[in-house]
Amino acid sequence: MRIERLPHDVAMRIAAGEVVERPVSVVKELLENALDADSRRISIFLSQGGKSSLVVEDDGRGIAFDDLPLALERHATSKLSSLEDMEAIATLGFRGEALPSLAAVSRFEIRSRSVDDARGGVLRVEGGQPLLHAPLDLPRGTRVQVDDLFFNLPARRKFLKSASAELRRILSLVQAYALAYADRAFLVQSEGRTVFLSPGDGDVAALLRSLWGDDPPLRHLDVSVESFHALGWWQPAPGRGKSDVTAFVNRRRVQEGLFRAALASPGGDISGQWLVFLETPLDEVDVNIHPAKTEVRFRKSGPVFEVLRRLAMAFLERPQSFSLDRKGP
Ligand code: ADP
Ligand code: MG
């Protein structure tokens, strides 16, 4: 058996599979790009739960016309320039992989106008093949459209769920980000109907109440251990025996396993819904574990576990305390 190099487009599609698993991963990458570009207003338009069409539009910094093709090249990024930068990543993106991955496995279009340009541009790519790069008059910001996700990766397309199931995942992700970035306005429309809207006024408590309701009342506390801070929101559901934990580390949505274990460690009843923001010095966390960036590793796991454990204890020791005036992270 001889060893052969895979054709470029096949290699790209395989690599894309690690970044993009389903429509919600597309939304996550595009949302993160919009947030990294300091957008104030982010709108998402979906058709078929994002399976047939998914658009993310923002009013952020935008991309210079000449840079548009570069944005679709693998390992091309404006967020990282040296290995030292990896020690303290302050942006949600840094790998330069999302846009090229999306362009490899969909019919893809990006329109953008940067703050410094009078005109913008459009770039269209289908299954990794460039079709068009042309100037266009546009408002400031970026609009990315991903149609027919995985049209050229049937093995992956088969694993997509129903439109309503994909939509549910997307809504849950966008709502979580809307809470973490309550100072930005989010909109989600599905088949032309508004299914989520957040005002971007910075009021986490009001947004949480609109999502979870206020019965039983929401509780809020924050706790620090060394330079680790945990801000928690909890809506107890005593005796339910189940807790939903939405976890953020430095305003990045992460898998909640460690959070759940630490919150449960005091041994009390932590049933109900949790929203927990952990803030750490940037050089204490490594987010470069997997292309999807939802796993993080901590340099010191001791104080991380401890601050989350103390957060749960503080809630359990003061069952009556709740404050709704905090504005969140
Ligand atoms: P990464 O986010 O890891 O840098 P991406 O492939 O997601 O990689 O994006 C590549 C580059 O394109 C980014 O570094 C950024 O410069 C630019 N970009 C992508 N989306 C946007 C956006 N919504 N607004 C402004 N610039 C963007
Ligand atoms: Mg990105």
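All figures in this text were calculated on a predicted structure; none of them were measured in a lab.

Draft legend 1. Local environment of the sheet that holds strand S3 (residues 107-113). Taken in spatial order, the eight strands make up an open sheet running S5-S4-S3-S6-S2-S1-S7-S8, and their pairing is mixed. With one partner strand each, in any of the chains shown, strand S5 (129-136) and strand S8 (193-198) form the two edges of the open sheet. Neighbour-to-neighbour, the strand axes of this sheet turn through a mean angle of 10°, independent of strand direction. Taken together, the seven bridges between strand S4 (residues 120-126) and S5 define a ladder with antiparallel strand orientation. By the bridge assignment for S5, glycine 120 is matched with leucine 136.

Draft legend 2. Fine view of the site of ligand 1. Contacts to ligand 1 come from 21 residues, most closely from Asn33, Ala37, Thr77, Gly93 and Ala98. It is helix H2 (residues 23-36) that contributes the most residues to the shell around ligand 1, three residues altogether. Residue classes in the shell around ligand 1 are distributed as seven nonpolar, eight polar and six charged.

Draft legend 3. Region of the structure containing the packing of helix H6 (residues 163-180) against helix H7 (residues 204-212). Running from amino to carboxyl end, H6 crosses H7 at an angle of 155°, the nearest separation of the two axes being 9 Å. Relative to H7, H6 is oriented roughly antiparallel. Between H6 and H7, the contacting residues are Gln175, Ala178 and Leu179 on the first element and Val204, Leu207, Leu208 and Leu211 on the second. Considered class by class, the residues forming the contact of H6 with H7 number six nonpolar, one polar and no charged.

Draft legend 4. Main features of the pairing of S4. Direction of pairing for S3 relative to S4: antiparallel, over a ladder of six bridges. Bridge pairing links glutamate 109 to arginine 124 in S4. Linkage of S3 to S4, two consecutive antiparallel strands, is achieved through a turn of six residues. Linking S4 back to S5 in an antiparallel pair, the connection comprises two residues, with glycine 127 at a positive phi of about 55°.

Draft legend 5. The nonpolar core, seen in detail. Core analysis: the biggest nonpolar cluster contains 81 residues, and Val27, Leu102, Val174, Val276 and Leu308 have the highest contact counts within it. The greatest single-element share of this core, amounting to eight residues, is contributed by H6. Mapping this core onto the domain boundaries places at least three of its residues in each of domain 1 (8-198) and domain 2 (204-317).

Draft legend 6. Region of the structure containing the environment of glutamine 255. Relative to the helices and strands, glutamine 255 is located in the loop between strand S12 (252-254) and helix H8 (257-264). Exposure remark for glutamine 255: the 15 C-beta atoms within 10 Å place this residue in the partly exposed category. On a C-alpha basis, the gap between glutamine 255 and leucine 173 in space is 12 Å, while along the polypeptide they are 82 residues apart.

Draft legend 7. Here's a closer look at the pairing of strand S9 (residues 219-225). Relative to strand S10 (residues 228-236), S9 is paired through seven bridges, and the arrangement is antiparallel. Within S10, the position partnered with aspartate 222 by the bridge is leucine 231. Following S9, the chain reverses through two residues before pairing antiparallel with S10; glutamate 226 in that reversal takes a positive phi of roughly 50°.

Draft legend 8. A look at the environment of proline 291. Looking at where proline 291 falls in the secondary structure, it is placed in the loop between strand S14 (285-286) and strand S15 (297-298). Given 18 C-beta atoms within 10 Å, proline 291 falls into the partly exposed group. Separated by 40 residues in the primary sequence, proline 291 and arginine 251 place their C-alpha atoms 18 Å from one another.

Draft legend 9. Examining the sheet that holds S9 more closely. Taken together, the five strands give an open sheet; going across it, the order is S9-S10-S13-S11-S12, and neighbouring strands pair in mixed fashion. Here the strands that pair on one side only, and so sit at the sheet edges, are S9 and S12. For this sheet, the mean angle separating the axes of adjacent strands, direction not counted, is 25°. The strands touched by H6 are strand S11 (243-249), S12 and strand S13 (272-279); relative to S12, the strand with the most contacts, the crossing angle is about 135°. Across the face of the sheet, H8 comes into contact with S11 and S13 while running at roughly 120° to S11.

Cut-offs applied
Residues numbered from 1 in each chain as written. Chains lettered and ligands numbered in written order. Predicted model: local features only at pLDDT ≥ 70, side-chain atom pairs only at ≥ 80, totals over all residues. Pairing = 2+ DSSP bridges. Helix = DSSP H or I, 4+ residues; strand = E, 2+ residues; numbered from the N terminus. Axes fitted to C-alpha atoms, helices over the stretch in contact; angles between N-to-C directions. Near = placed C-beta within 6 Å. Nonpolar A, V, L, I, M, F, W, Y, C, P; charged D, E, K, R; others polar. Parallel < 35°, antiparallel > 145°, perpendicular 65-115°, else oblique. Contact = placed C-beta atoms within 7 Å. Core = buried A, V, L, I, M, F, W, Y, C linked by C-beta atoms within 7 Å. Buried ≥ 20, exposed ≤ 12 C-beta atoms within 10 Å, placed from the backbone. Domains from an automatic or database assignment.

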